[in-house]
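# Geometric and topological summary
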Amino acid sequence: MSASQAKEPPRLVAVAGGTGTLGGHLVRRLTEHGVMVRILARDVDRARHLQSESVEVVGGDVRDRSAVEAAVAGADAVVSAFSAFGRPQGGDLRSADLQGNINLIRAAEKTASGHFVLVSLHGAGPDSPLELGRIKHQVEQVLTASNLTWTIIRPTASMEVWATLIAAPLLQDHKTRIFGRGDNPINFVSARDVAAFVELALFDPELRGQAIDVGGPDNLSVNQFVHRFEELTGATGKEQHIPLAMLRAMSVILRPFNASMARQVKAAIVMDTTDMAFDAGATARRYPVVHPTSLGEAVQRDYAGVA
């Protein structure tokens, strides 16, 4: 079912994480369909440009229960599209991603908000090698045990985030750093595709009670990702590989001083040594309304004419 075929579309959707890459795409999709959006933002000034007749920005942190309750009050649906992973001042995952999401769920229950859409993580589970995967699993457990109707979207690695981290520097500095060997196949998904699935979950009742793994059409190593970016943009530069032994040492040394960076380094180790491939074919066949975006399509869309 497409958004235009929805029987009871939400009138007001509260979004936590509306200022990020995924959230930005989601907010645009919703407002284009006439849906009012209320964004819960830690930095109101950063989100002020999003404010319009269709978008309300409410200041507050997901760790603040009163702010969360104010953000979801009266909403027909709530979307959790945020994560503290990678944010230097976003709090640790347990206080932000776990407790913050629990605050959202409890506030949604309290204010009788309708549907709750959680953006989780592909591979989320109690034994996930990623701390974020274990945290997201705990959130999923809380959500599915709540009295809310729900949909869980589990995306693979973000295509746009990784393009910014490891490919875009080739355009600016003509060099990039690759954490580890860079030969492990990883599935990358476009944030636009994830936003499309979140929108579908808000409009299509058939997705309620479903946990959907979402990925891109290709499994690429980081080296292949970088080389494909170079081919498409004409960018050139030096690739510096940071050995796994050094990464393991960094993940320990950095922990007391920069927990966010230590977390990212540890995740990089996992992504270089663990099976991160995914076959998105079954999801694409089940939900043909969402066309899986390739890396080539994403790069040509986001970096056209910048080389």
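Residues numbered from 1 in each chain as written. Predicted model: local features only at pLDDT ≥ 70, side-chain atom pairs only at ≥ 80, totals over all residues. Heavy atoms only, no water.

### Some remarks on the confidence of the model for the protein
So the rule is basically this: Each residue carries a pLDDT score, the predictor's confidence in it, ranging from 0 to 100. Pairs of residues are marked as contacts when any of their non-hydrogen atoms sit within 4.5 Å.
Scored by pLDDT, the protein comes out at a mean of 91, with 94% of its residues at no less than 70. In the predicted structure, residues 1-6 sits below a pLDDT of 50 and forms nine contacts with residues beyond four places in sequence or in another chain.

### Points about the sheet that holds strand 2 (residues 36-41)
Either a parallel or an antiparallel arrangement is found when strands of a sheet pair, and the pairing is made through backbone hydrogen bonds. Let me state the cut-off plainly: Pairing between two strands is assigned when DSSP locates at least 2 bridges connecting them. Helical segments are the DSSP runs of H or I of at least four residues, strand segments are the runs of E of at least two, and each set is numbered from the N terminus. Helix axes use the C-alpha atoms of the stretch in contact, all axes being lines fitted to C-alpha atoms, and the angles between their N-to-C directions lie in the range 0 to 180 degrees.
One open sheet accounts for seven strands, arranged 3-2-1-4-5-6-10; its pairing is parallel. Two strands lie at the open edges of the sheet, namely strand 3 (55-59) and strand 10 (210-214), each paired on one side alone. Within the sheet, the average angular offset between the axes of one strand and its neighbour, ignoring direction, is 20°. Relative to strand 2, strand 1 (residues 12-16) is paired through five bridges, and the arrangement is parallel. Directly across from Val13, in strand 2, lies its bridge partner Val37. Running at roughly 160° to strand 2, helix 1 (residues 21-32) makes contact with strand 1, strand 2, strand 3, strand 4 (77-80) and strand 5 (115-119) of the sheet.

### A short note on helix 5 (residues 131-144)
Residues separated by three or four positions in an α-helix point in the same direction, a consequence of the helix having 3.6 residues per turn. The test is simple: Helix span, expected: 1.5 Å multiplied by one less than the number of residues in the helix. Here the term buried applies to any residue with accessible area under 20% of the maximum for its type, exposed to any over 50%, and partly exposed to those in between, with areas from a 1.4 Å probe on protein chains only.
Compared with an ideal rise of 1.5 Å per residue, which puts 14 residues at 20 Å, helix 5 spans 20 Å between its outermost C-alpha atoms and is within 8% of the ideal. Burial in helix 5 covers these residues: Leu132, Gly133, Ile135, Lys136, His137, Val139, Glu140, Val142 and Leu143.

### Comments concerning the packing of aromatic side chains
Filter applied, for reference: Put simply, two rings from Phe, Tyr or Trp (the six-membered ring, in Trp's case) pair if the centres are within 6.5 Å, and we call them stacked under 30 degrees between planes, edge-to-face over 60, tilted for the rest.
Tallied over the full model, the rule gives four aromatic pairs. When the ring of Trp162 is compared with that of Phe188, the centres are 6.2 Å apart and the planes differ by 70°; the resulting orientation is edge-to-face. In this pair, Trp162 sits in helix 6 (residues 159-172) while Phe188 sits in strand 9 (residues 186-189), placing the two residues 26 residues apart along the sequence. Neither residue differs from the other here; Trp162 and Phe188 are each classed as buried. An angle of 80° between the planes, with centres 5.0 Å apart, marks the rings of Phe229 and Tyr303 as edge-to-face.

### Topic: the nonpolar core
Rules: For this analysis, a nonpolar core means a set of buried residues of the types Ala, Val, Leu, Ile, Met, Phe, Trp, Tyr and Cys, connected via side-chain atoms within 4.5 Å.
Judged by nonpolar contacts, the single largest core of 35 residues is most densely connected at Val13, Leu30, Val79, Ile153, Val198 and Leu202. Mapped onto this core, the elements with two or more residues apiece are strand 1, helix 1, strand 2, strand 3, strand 4, strand 5, helix 7 (191-203) and strand 10. If one sorts the elements of this core by residue count, helix 7 sits on top with 10 residues. Residues in contact with Val79, not counting those within four places in the same chain, are Val13, Ala14, Val15, Ala16, Leu26, Val117, Val198 and Leu202. Counting 34 residues, the second-largest nonpolar core is a separate cluster that includes Ala71, Leu130, Ile135 and Leu143.

### Quick notes on the environment of Glu32
By secondary structure assignment, the location of Glu32 is in helix 1. Remark: the alpha-carbon pair of Glu32 and Gly215, spanning 183 residues in sequence, is separated by 24 Å.

### A few points about the environment of Val139
Here Val139 is to be found in helix 5. Between the C-alpha atom of Val139 and that of Gln99, which follows or precedes it by 40 residues, the distance is 8.5 Å. Those residues within four positions of Val139 in sequence are excluded, and the remaining contacts are Asp97, Leu98, Asn101, Ile105 and Leu118.

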